[in-house]
Amino acid sequence: TDAPLVLGIETSCDETGVGVVHGHTLLADAVASSVEEHARFGGVVPEVASRAHLEAMVPTVERACETAGIAVGDVDAIAVTSGPGLAGALLVGVAAAKALALSLGKPLYGVNHLASHVAVDQLEHGALPEPCLAMLVSGGHSSILRVADVTGADDGVVPLGATIDDAAGEAFDKVARLLGLPFPGGPHIDRAAREGSITIDFPRGLTSRRDLERHRFDYSFSGLKTAVARWVEARERSGEPVPVADVAASFQEAVCDVLTRKAVDAAADQGIEDILIGGGVAANSRLRVLCEERAAAKGIRVRVPRPGLCTDNGAMVAALGAEMVARGRTPSSYDLPADSSLPV
Ligand code: KG4
Ligand code: ZN
């Protein structure tokens, strides 16, 4: 068929991802993660990430091509995350993509990281419903986007809201640390919560009537994190054991409650019938169930790519690049800059 064959490179955070897609078909998704090198610092260290990308880049490109059964010169285009993300980390991916595109004489497509979290769903569930409402929740971002054209053409991707402080995944990681659970904490909280009950009523950020006037679809998680810290400290002072599973379940409920409430409200407000969840936190079991429940009550469908496609990867970049080729978008110049604060 004439679907485009695209290689995509992602280096916005701590994952060196190289993916190969043929239209909506995933051929390879090679990922090298430096997450273990960051674990002892309790968070991603930019310098460590940049160096790890540099070391992993060539072997990961080779591994992706080998898995896809192609020679790198077979591709129709090279796509790369140009932002937003860690400046030094992005730079490594952009430099590698330019080198490949220039040396192979192929078009280069710089893509937006957030939009690629949306486009990746095509690899799992086929053509994207547009417009759709995307809830992107990870360690680095938490936003609600209205996606009418995932390539961003004609203001096709519009942010409706975002976190005003911590990202949802960041809150999971910080609370996990407080509870003595390993980094990254999200999966550990998810697991612990299954053994616990929702017994503590933690605050829901930006949901008061007054906050909703200015921040209808925005999130805030730093107050919640502080409330959990105070609660745990008080428990420790009293000499009683901290009920880790109950704290995890109650904290998780507070996060998922606000995330899903605002996303479903935003979709209903926009008359949109499909919600797509992306980013590492999309793997959360409670988030998924609660979102489906609340969306179904309003006749809204929910799509969530499998966990491996929700976390940062190269396939998502290739997926969006392929869409840009298919829709005839203009390639980027070979001067494409890395832009750590690239807006959608
Ligand atoms: O998308 P991602 O791999 O990287 C970026 O941050 O961009 O997301 C990682 C985040 C981490 O904060 C991690 O704790 C969180 O996703 N996460 C989860 C779960 N699995 C991963 N959070 C809640 N529940 C999970 N099951
Ligand atoms: Zn991401």
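Going by the annotation in an unreviewed UniProt entry, the name recorded for the protein is tRNA N6-adenosine threonylcarbamoyltransferase, with Marmoricola endophyticus given as the source organism. Under the UniProt heading Subcellular location (unreviewed entry), the entry covering the protein gives this text: "Cytoplasm". Regarding the protein, the UniProt comment filed under Sequence similarities (unreviewed entry) reads as follows: "Belongs to the KAE1 / TsaD family."

(A) Just the overall build of the protein, in detail. Check the secondary structure of the protein and you find 13 helices and 10 strands. Overall, the protein is about 65 × 45 × 30 Å in size when its C-alpha atoms are taken along their principal axes. Looking at the protein residue by residue over its 344 residues, the buried ones come to 53%. The contacts of the protein with a sequence gap of at least 6 include a subset with a gap of at least 24, amounting to 76%.

(B) Local environment of the packing of helix α10 (residues 244-270) against helix α11 (residues 285-296). It is the contact of α10 with α11, at a shortest axis distance of 9 Å, that shows an interaxial angle of 35°. The two elements α10 and α11 cross, and the hand of that crossing is right-handed. Counted together, Q252, E253, C256, L259, T260, R261, A263 and V264 of α10 and R286, L287, L290, C291, R294 and A295 of α11 form the full contact between these two elements. Per-class residue counts for the contact of α10 with α11 are eight nonpolar, two polar and four charged.

(C) Representation of the domain arrangement of the protein in the model. In terms of domains, the protein is made up of domain 1 (5-120 + 313-326) and domain 2 (129-305). One C-alpha centre belongs to domain 1, the other to domain 2, and the line joining them spans 27 Å. Contact with domain 1, which involves 15 residues of that partner, is made by 20 residues of domain 2. Taken together, the elements giving at least two residues each to the side of domain 1 that touches domain 2 come down to α1 (35-39), α4 (113-119) and α13 (314-326). Sort the elements by how many residues they give to the side of domain 1 that touches domain 2 and α4 lands first, with five residues. Residues of the side of domain 1 that touches domain 2, tallied by class, amount to 10 nonpolar, four polar and one charged.

(D) Region of interest: the UniProt feature "binding site: Fe cation" (unreviewed entry) in the protein. The feature "binding site: Fe cation" (unreviewed entry), as annotated in UniProt, sits at H113, H117 and D312 in this numbering. A stretch of 200 residues holds the annotated residues, and the largest C-alpha distance among them is 8.9 Å, short enough that they meet in one place. Structurally, H113 can be placed in helix α4. Apart from residues no more than four positions distant in its own chain, H113 is found in contact with S12, T81, G83, P84 and G85. Relative to the assigned elements, D312 resides in the loop between α12 (307-310) and α13. Not counting residues up to four positions away in its chain, the partners in contact with D312 are E10, S12, C13, E15 and G17.

(E) Quick look at helix α2 (residues 46-68). Bending of α2 peaks at approximately 45° at the position of A56, with proline P59 no more than four residues after it. In this fold, the buried residues of α2 make contact with β1 (5-10), β2 (15-22), β3 (25-33), α1, α3 (87-104) and α13.

(F) Up close: the UniProt feature "binding site: substrate" (unreviewed entry) in the protein. Per the UniProt entry, the sites bearing "binding site: substrate" (unreviewed entry) are L136, V137, S138, G139, G140, D173, G186, D190 and N284 in this numbering. Along the chain, V137 falls in strand β6 (residues 132-137). Looking at V137, the number of C-beta atoms within 10 Å reads 31, which means it is buried. Discounting residues that sit within four places of it in the chain, V137 has contacts with S142, A168, G169, L259, G279, V281 and A282. Tracing the backbone shows G140 in the loop between β6 and β7 (142-147). A residue is classified by how many C-beta atoms lie within 10 Å of it, and G140, with 20 of them, is buried. The contact partners of G140, leaving out residues within four places of it in the chain, are C13 and A167.

(G) Local environment of the sheet that holds strand β8 (residues 157-162). Taken in spatial order, the five strands line up as β8-β7-β6-β9-β10 in an open sheet, and their pairing is mixed. Edge positions in the open sheet fall to β8 and β10 (301-303), since each of these has one partner strand only. When the angles between neighbouring strand axes are averaged without regard to direction, this sheet yields 25°. Each of β6, β7, β8 and β9 (274-278) is contacted by α10, which is oriented at about 160° to β6, the strand it contacts most.

What counts and what doesn't
By convention here, each chain's residues receive numbers from 1 onward along its written sequence. Chain letters start at A and ligand numbers start at 1, both assigned in the order the entries are written. Only residues with pLDDT of 70 or above have their local features reported here, since the model is predicted, and side-chain atom pairs are shown and tallied only from 80 upward, although totals for entire chains, interfaces and linings are computed over all residues. UniProt positions are given in the numbering used here, feature names are shortened, and annotations may be inferred rather than shown by experiment. Secondary structure counts use DSSP, requiring at least four H or I residues in a row for a helix and at least two E residues in a row for a strand, with both numbered from the N terminus. With C-beta atoms placed from the backbone, a residue is buried if 20 or more other C-beta atoms are within 10 Å of its own, exposed if 12 or fewer are, and partly exposed between those counts. For the purpose of contact definition, each residue receives a C-beta atom placed from its backbone, and two residues are in contact when these atoms lie within 7 Å. Interaxial angle, 0 to 180 degrees, is taken between N-to-C directions of lines fitted to C-alpha atoms, where a helix line uses only the stretch in contact. Note on convention: the crossing is left-handed when the near helix lies turned anticlockwise from the far helix by less than a right angle, right-handed when the turn is clockwise. Note on residue classes: Ala, Val, Leu, Ile, Met, Phe, Trp, Tyr, Cys and Pro are nonpolar, Asp, Glu, Lys and Arg are charged, and everything else, Gly too, is polar. All domain edges in this entry derive from an automatic or database-based domain assignment. The reported bend at a residue is simply the angle between two axes, fitted to the 7 residues ending at it and to the 7 residues beginning with it. Two strands are counted as paired when DSSP detects at least two bridges linking them.

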